[in-house]
Amino acid sequence: MAKTQLNVRVDEGTARAARERALARGMSVNRYIEELVRQDAGEAGRTFVEAAADFMKRYETLFAEEFTEARGTDAAGGRA
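Computed from a prediction, not measured in an experiment: that's the story for all the values here.

Caption draft 1: Broad picture of the pattern of salt bridges. Tallying each qualifying case throughout the model produces six salt bridges. The closest approach of N and O atoms between Glu34 and Lys3, which form a salt bridge, is 3.0 Å. Separated by 31 residues along the polypeptide, Glu34 in helix H2 (residues 29-71) and Lys3 in the segment before helix H1 (12-24) bring together distant segments of the chain. A relative accessible area of 59% means that Lys3 is categorised as exposed. In this structure, Arg31 and Glu34 form a salt bridge, with 3.8 Å as the shortest nitrogen-oxygen distance. Of the two residues, Arg31 and Glu34 both sit in helix H2, three residues apart, roughly one turn of that helix. It is possible to trace a salt-bridge network through shared partners that takes in Lys3, Arg31, Glu34, Glu35 and Arg38.

This is how it looks when you write it as structure tokens:
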């Protein structure tokens, strides 16, 4: 995969923390930052899926009632 250079300015405390945490994990600062961004991007995806699952759980009965009525069946699957 091709790499793109990204220059970021941070205060010295943030730079020191990044170096220390990368070293503690046995990786370069570049790799450490790259993994943080990937984790953050993945978190948004997980948050969306969790919210969608919660929505479906909350409204499952309503959807079932609406769509079974539209198809002419009762909630048990028989003909209305």
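Caption draft 2: Representation of the layout of surface pockets in the model. Space inside the largest pocket adds up to approximately 610 Å³. Leu6, Val8, Asn30, Ile33 and Glu34 are the residues nearest the centre of the largest pocket, which is lined by 19 residues in total. At the level of secondary structure, the elements contributing two or more residues to the lining of the largest pocket comprise H1 and H2. The element that contributes the greatest number of residues to the lining of the largest pocket is H2, accounting for six residues.

What counts and how
- Residues numbered from 1 in each chain as written.
- Predicted model: local features only at pLDDT ≥ 70, side-chain atom pairs only at ≥ 80, totals over all residues.
- Heavy atoms only, no water.
- Salt bridge = Lys/Arg side-chain N within 4 Å of Asp/Glu carboxyl O.
- Helix = DSSP H or I, 4+ residues; strand = E, 2+ residues; numbered from the N terminus.
- Buried < 20%, exposed > 50% of the residue type's maximum accessible area, 1.4 Å probe, protein only.
- 1 Å grid on protein atoms, 1.4 Å probe; cavity = no way out; pocket = protein on both sides within 12 Å on 5 of 7 lines; lining within 4 Å.
- Points joined across faces, edges and corners; volume = space filled by probe spheres on them.

Function cannot be inferred from these measures alone, as they are strictly geometric.
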